[in-house]
Amino acid sequence: MVTHVPAEAHGDERGALLSFVEAQRGAIRRSVLGLTEEQAASRPSASELSLSGLLKHVAEVELNWLRLAQQRPNEKQRDEETWDDGFRLVGDETVPGMLAFWDAVAKETEEFVRAVPSLDDTFPLPPAPWFPEDARVSMRWLMMHLVEEIARHAGHADIIRESLDGKGAFDLVALESGRSGDNG
């Protein structure tokens, strides 16, 4: 692990889960540090993924899961026609704008998770071929899934960033803190 996730207070499961989600968010945020919009949108590997596209995707995915848990409509819901737009910035979207959007989603996620009566509370999964029929998941599952989802894409971001300019995760942690990075 590149950054240390601070220990939660004894028994503070919500705080621990929120801290681990935030640690993974930080890895994605750092992946775009010091890049131009063009660099962030480039695809330097065999993958179709770009850093700005990953940033948008994880922000929208977190919003989608939050809205599912809140049992509210998702204002950024994607369909077959708009699916690809979830992986690239379009129109006047920018990296700073996407970071601000994700910050707002993250704040709302934290407020929601801290306010639910219990992490054992559940919400229904939508109909989809990959979900069991009439399935429900807990708020705990939601948080663990966000760690999984964001961490998976943080790994993608590490590879893309390193392909762009050779900066690895340790270098980016150092850059973020104002130190010089030397991969260790």
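It should be noted that the structure appears before, not after, this text.
The present account deals with the structure reproduced in this document. Bear in mind that the values here come from a model prediction, so they are computed numbers and not experimental data.

**Looking at the pattern of salt bridges**
Piece 1. Here the structure, examined in full by the defined rule, presents 17 salt bridges.
Piece 2. Across the salt bridge formed by Arg29 and Asp103, the nearest N and O atoms sit 3.2 Å from each other. With a gap of 74 residues between them, Arg29 in helix H1 (residues 13–31) and Asp103 in helix H4 (residues 95–115) connect regions that are remote in the sequence.
Piece 3. Of the charged contacts in the structure, one is a salt bridge between Glu93 and Lys56, with a shortest N-O distance of 2.7 Å. A residue pair is termed long-range when its members are at least 10 positions apart, and Glu93 in the loop between helix H3 (51–70) and H4 and Lys56 in helix H3 qualify at 37 residues.
Piece 4. Taking relative accessible area as the criterion, Glu93 reaches 23% and is therefore assigned partly exposed.
Piece 5. Through salt bridges with shared partners, a single network forms among Glu22, Arg25, Arg29, Glu62 and Asp103.

**Some details on unusual backbone geometry**
In terms of backbone geometry, most residues other than glycine have negative phi values and most peptide bonds are trans.
Piece 1. Positioned with a positive phi, Gln71 is a non-glycine residue whose angle comes to about 60°.
Piece 2. Along the chain, Gln71 turns up in the loop between H3 and H4.
Piece 3. Looking at Gln71, the relative accessible area reads 52%, which means it is exposed.
Piece 4. At Asp134, a position not held by glycine, the phi torsion is positive, near 60°.
Piece 5. Relative to the assigned elements, Asp134 resides in the loop between strand S1 (122–124) and strand S2 (136–138).

Procedures and definitions
Residues numbered from 1 in each chain as written. Predicted model: local features only at pLDDT ≥ 70, side-chain atom pairs only at ≥ 80, totals over all residues. Heavy atoms only, no water. Salt bridge = Lys/Arg side-chain N within 4 Å of Asp/Glu carboxyl O. Helix = DSSP H or I, 4+ residues; strand = E, 2+ residues; numbered from the N terminus. Buried < 20%, exposed > 50% of the residue type's maximum accessible area, 1.4 Å probe, protein only.

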